[in-house]
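# Breakdown of the fold
Below are the chains, spelled out letter by letter.
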Amino acid sequence: MKTLYSSILLLLIYLPLHAQTHTVTGKIVDAVTKEPVEGASVMVKGTTEGVTTDASGVFALSADAASELVVTATGHRPQTVRATGRAMDIQLIPNENRLQDVVVSGNRTLQKRIESPIAIAQIGKQAIQDTKAQRLDFLLNQVSGVNMINLGNEQHEMSIRQPMSTNNLFLYLEDGVPIRTSAVFNHNALIEMNMAAAKSIEVIKGPASSLYGAEAIGGVVNLITQAPPAYTDGTIGVQANNQGYRRVDAQVGTTIGKVGFIASGYYAEQHDGPIQYSDFHKSASTYRLDYHIDDRTTWTSSVTYVDYFSDMYGSLDSTHFATKNYSAQTFFTYRKVYAFRGRSTISHSWNDHSTTTATFMYRNNSVIQNPSYQIGSYTSGNGAISADTAIGNINDNAFKSYGLTVQHIQRFKFLDSKLVVGLSTELNPQTFNESFIWVKKQKNDQGLTNYVGYSDPDSVIANFKTLVTDFGSYADYEFSPARGLRIVAALRYDAFQYDFINYLQGSKVTGGPSTVTNYGKVAPKIGFTYNVKGIGFYGNYSEGYVPPQITDVFGKTSNSTYLQPQTFHSYEIGGWLSLVKNRLYIDWSAYLMNGADEIINVKLPNGISQSENAGRTRHRGLEYGLTYRPCDDWLIRLSGSNAKHTFVDYVSSGVDYSGREMADAPHFFGSAQVTYKPHYLKGFRISAEWQRVGKYYMDNLQQYAYGGFNVANLRAGYAISHVELWVNALNVFDEYYSTISQVSVSGGKASYTYQLGDPRAVTFGLSYHFGK
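The shown structure was predicted, so the numbers you read here are calculated from the model rather than taken from an experiment. (Residues numbered from 1 in each chain as written. Predicted model: local features only at pLDDT ≥ 70, side-chain atom pairs only at ≥ 80, totals over all residues. Heavy atoms only, no water.)

Here the focus is the overall build of the chain. Within the chain, the secondary structure is distributed over 6 helices and 49 strands. For 772 residues, the compact-globule estimate of 2.2 N^0.38 gives 28 Å, and the C-alpha radius of gyration of the chain, at 28 Å, lies within 12% of that figure. Its C-alpha atoms give the chain principal-axis dimensions of about 130 × 50 × 45 Å. Looking at the chain residue by residue over its 772 residues, the buried ones come to 53%. The contacts of the chain with a sequence gap of at least 6 include a subset with a gap of at least 24, amounting to 65%. Carbon and sulfur atoms make up 58% of the accessible area of the chain, which totals about 32,600 Å². Taking the 65 positively charged and 65 negatively charged side chains of the chain as two groups, their mean positions are separated by 5 Å. (Helix = DSSP H or I, 4+ residues; strand = E, 2+ residues; numbered from the N terminus. Rg over C-alpha atoms; globule rule 2.2 N^0.38 Å. Buried < 20%, exposed > 50% of the residue type's maximum accessible area, 1.4 Å probe, protein only. Contact = heavy atoms within 4.5 Å. Areas by Shrake-Rupley, 256 points an atom, 1.4 Å probe, with all protein chains shown as cover. Lys, Arg positive; Asp, Glu negative; His and termini not counted. Charge placed at Lys NZ, Arg CZ, Asp CG, Glu CD.)

Now the structure itself:
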């Protein structure tokens, strides 16, 4: 009987305790992007029991009803929550500790920024949402060492460790895939990006050819698209300003079971802007589908389409700029861009240490234009410049691409090492057609020259096609021989073939004769990172390589020889430190990059630009950034770059430029920003930003200089419930400036051109967010 009573007593004690233990389930998402967080750790506090989330952010574990769960994930703040009897929805806030930043562009895999021996920066989703940028330069110019030059209506040039340039020294990616083929570079390529689809933007400064191949010289810009949210979520917004700009943005997505879908896009237009004949419109849309086939296999597909048109008003001459006369000088030039691209990536994890991905890619692009920069003076037979006639052209540069990239990642216990190997191949059929036009000139009432019309195309001056094939292979190996020290070595080989067919008889006007040209290059990189107690250093040596563009090799030219490939050797050191309990973060990098046969733009006496090889060049600079959060309400950001770009050996038309500074190369540019988000007024934000571009020479002889400019911006917004109201006051002090100023000299007489900077613009916006 005593045994029976004991058994009953134990049962009565056991049953209540057992009843308190149940299976806790939930989903962990990013609080800003609403994407599921894969690989998050969920631990029962005070125990060793725990699980990690799957690709959908879902977890399940056994816990007592009163248990507390500790949730951690790389790049996010840790969070402690109490277990509940229902499915839990846990939103993790991104970590403000920059040492925990996670990037994918450094070695084509997810890794901590502090383990990547390169200068790399990330613009996160929160910064994108707060900036409400109408153009990418408003975001990219917050990065130290980046100066994206606004040419109006999203048209642009770039400067990253290079002078301000339209040359093919920068690589633009979407989810790690180049948006254009390397042989058909367009300095306006970022027009073809869909900003509404961006989750984050990563910027590599300096050569990255060892992984990404050609054009990754000055820098790489990688737009990471938003993945489908863990549940139905979306935003729609409208905005307008006092300069004729209007825009609508929309994004909606959801996940049902194993399938997630998201659509993002915007439509923007401008009418009656600051300059006459400067209207534009653009529509961009991206559609992405993620299918989690099983715990180890994911299939991701996306397509992007961009339709763009802009009046190409060109730049202002010195008279128009000095008198603030914004009347147009051309009334017919334009640019049309059609860009469609799609990719499909399947990723399979064989085990916890081995993953293979395969990406299929397709592009279909066309740029049709009557370019203002190709309007030049017409010289009659007796050498006199015609008073009523000029010359120009209309051209169509189109290409398609079919590509495949296969990559394998293998992790080893030995020295905590990792090997990334990959193969890529592309087939790119390209066509180029150009027709000559006569342009009519006339004087206006102020005696200034206007280009008012043009004749029907007079003759075909270019008609060719090129089949560009590209094969690349790369390997990246990294290991840790000692605590805090990581060594990285990478190597890539690229082989290009240009199969050129000219349907016209070859000449300096119609291009070269039909031929096949081959280029090949091995690009190495070696580097290290060392981290100890919040302080880190890195160093690297890398090489970059850029084959000439198709039009540079086979197009019309006044050079006696065709352009040669560009090569670069880069040496770089840098570091970072986190102080004051991770509230202060500082990063810096110093570089020396030597170029051979670098291609530069030269303005001819008739006003038309031409590309030339510049012999040897040298680029030196120091880049630095600081973020400081004195308390949770305030954030201070500083960034800057001091650089000098010089010719080491360059002779053109009998003039020796060796030892002189390159044109369009500011010694300094940078920005600073203060943001205030008061804790007592949740949802409110206000920020003030300052941007500076310093003095630079407009010519390679250093005879003409532009003093640079300062611009101040104010931004404020208030989100309450599902609605956000915001206002951006850009160039709040109405600084009168030129984003880039250039000069051409003929007969000892200088002719200046200025690209008008944005006048003061006040934008009001309203957005509505639906979902959790």
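This next bit is on the sheet that holds strand S47 (residues 738-746). Taken in spatial order, the 3 strands of this open sheet run S22-S48-S47, and their pairing is antiparallel. Both outer strands of the open sheet, strand S22 (316-317) and S47, are each paired with one neighbouring strand and no more. Across 2 bridges, S22 lies against strand S48 (residues 749-756) in antiparallel orientation. Its bridge partner being in S48, Asp317 is matched across the sheet by Thr753. (Pairing = 2+ DSSP bridges.)

Within the open sheet, the 5 strands sit side by side as S10-S15-S16-S13-S14. Their pairing is mixed. One side of each edge strand has no neighbouring strand; the edge strands of this open sheet are strand S10 (119-123) and strand S14 (177-178).

This part takes up the side chain of Arg637. Secondary-structure assignment places Arg637 in strand S38 (residues 634-649). Excluding residues within four positions of it along the chain, Arg637 makes contact with Gln142, Leu626, Thr627, Ser671, Ala672, Gln673 and Glu689.

Next up on the list: the environment of Glu38. If you trace the backbone, Glu38 turns up in the loop between strand S1 (21-30) and strand S2 (41-44). The exposure class assigned to Glu38 is exposed, which follows from its relative accessible area of 55%. When the C-alpha positions of Glu38 and Phe59 are compared, they lie 9.8 Å apart, and in sequence the two are 21 residues distant. The residues touching Glu38, leaving out its near neighbours within four places in the chain, are Thr53, Asp54 and Ala55.

So, on to the environment of Pro36. For Pro36, the position within the fold is in the loop between S1 and S2. Separated by 28 residues in sequence, Pro36 and Asp64 place their C-alpha atoms 25 Å apart. Residue contacts for Pro36: discarding those within four places in its chain leaves Ile28, Val29, Ala55, Ser56, Gly57, Pro228, Pro229 and Ala230.

What follows covers the side chain of Ser144. Take Ser144: it is sitting in the loop between helix H3 (137-140) and strand S11 (146-152). Ser144 gets classed as buried once you look at its relative accessible area, which sits at 7%.

Scanning all chains against the criterion turns up 24 aromatic pairs. Between Phe280 and Tyr308 the ring centres are 5.9 Å apart and the planes differ by 45 degrees, which places this aromatic pair in the tilted class. With Phe280 in strand S20 (residues 280-294) and Tyr308 in strand S21 (residues 297-311), this pair connects stretches of sequence that are 28 residues apart. This pair shows no difference in class: Phe280 is buried, exactly as Tyr308 is. Clustering of aromatic rings is evident, with ring pairs tying together Phe321, Tyr704, Tyr736, Tyr752 and Tyr754. (Phe/Tyr/Trp six-rings, centres within 6.5 Å; stacked < 30°, edge-to-face > 60°.)

A regular strand carries its side chains on alternate faces of the sheet. In the sheet, strand S37 (residues 616-628) pairs with S38 via 13 bridges, with the strands oriented antiparallel. Of the residues in S38, the one forming a bridge with Arg620 is Lys644. Turn length for the S37-S38 hairpin, with the two strands adjacent in sequence and antiparallel, is 5 residues. Relative to strand S41 (residues 668-676), S38 runs antiparallel, the two being bridged by 9 bridges.

Attention shifts here to the pattern of salt bridges. Taken as a whole, this structure holds 27 salt bridges when the rule is applied. Two residues, Arg341 and Glu174, come together in a salt bridge whose shortest N-O distance is 3.1 Å. Here Arg341 is found in strand S23 (residues 334-351), whereas its partner Glu174 is found in strand S13 (residues 170-174), with 167 residues between them in sequence. Take Arg341 and Glu174: they sit in the same class, and that class is buried. The shortest N-O distance in the salt bridge between Arg486 and Asp416 comes to 3.7 Å. Note that Arg486 is positioned in strand S30 (residues 485-502) and Asp416 in the loop between strand S26 (385-412) and strand S27 (417-443), a separation of 70 residues in sequence. Judged by its relative accessible area of 8%, Arg486 falls in the buried class. One network of salt bridges, in which partners are shared, links Asp130, Lys132, Lys677, Arg685 and Glu724. (Salt bridge = Lys/Arg side-chain N within 4 Å of Asp/Glu carboxyl O.)

A one-sided burial pattern is seen for strand S42 (residues 684-693), the buried positions being Arg685, Ser687, Glu689, Gln691 and Val693 and the unburied ones Phe684, Ile686, Ala688, Trp690 and Arg692. In this structure, S41 lies alongside S42, joined through 8 bridges in antiparallel fashion. By the bridge assignment, Tyr676 is partnered in S42 with Ile686.

What follows is about the confidence of the model for the chain. Averaged over all residues, the pLDDT of the chain is 88; the fraction at 70 or higher stands at 92%. Taken element by element, the chain is modelled with least confidence in helix H1 (residues 2-19), mean pLDDT 50, and with most confidence in S42, mean pLDDT 97. (pLDDT = per-residue confidence, 0-100.)

Attention shifts here to a nonpolar patch on the surface. Together, Val259, Phe261, Tyr287, Leu289, Tyr291, Trp299, Val303, Tyr305, Tyr338, Phe340 and Ile346 make up a nonpolar patch on the protein surface, roughly 900 Å² of accessible area in all. If you list the elements that add at least two residues to the nonpolar patch, you get strand S19 (259-270), S20, S21 and S23. Classification of Trp299 by relative accessible area gives partly exposed; the value is 41%. (Patch = residues over 30% accessible without salt bridge, like charges linked within 9 Å, V, L, I, M, F, W, Y side chains within 5 Å.)

Before going further, it helps to examine unusual backbone geometry. A positive phi angle, close to 60 degrees, is found at Tyr277, a residue other than glycine. Considering the arrangement of structural elements, one finds Tyr277 in the loop between S19 and S20. Owing to a relative accessible area of 21%, Tyr277 belongs among the partly exposed residues under this scheme. A positive phi angle is found at Ser721, which is not glycine, with a value near 60 degrees. Mapped onto the fold, Ser721 is located in the loop between strand S45 (709-720) and strand S46 (723-730). Given a relative accessible area of 72%, Ser721 falls into the exposed group.

Before going further, it helps to spend a moment on a positive patch on the surface. Among the surface-exposed residues, Arg616, Arg618, Arg620 and Lys644 lie close enough to one another that they form a single positively charged patch. Ranked by residue count, the leading element in the positive patch is S37, at 3 residues. The topology assignment puts Arg618 in strand S37. Of the residues examined, Arg618 reaches a relative accessible area of 31% and is grouped as partly exposed.

The next subject is the environment of Ile487. The topology assignment puts Ile487 in strand S30. For Ile487, a relative accessible area of 22% corresponds to the partly exposed category. A C-alpha to C-alpha distance of 39 Å links Ile487 and Gly26, two positions 461 residues apart in sequence. Not counting residues up to four positions away in its chain, the partners in contact with Ile487 are Tyr477, Glu478, Phe479, Pro481, Gly527 and Phe528.

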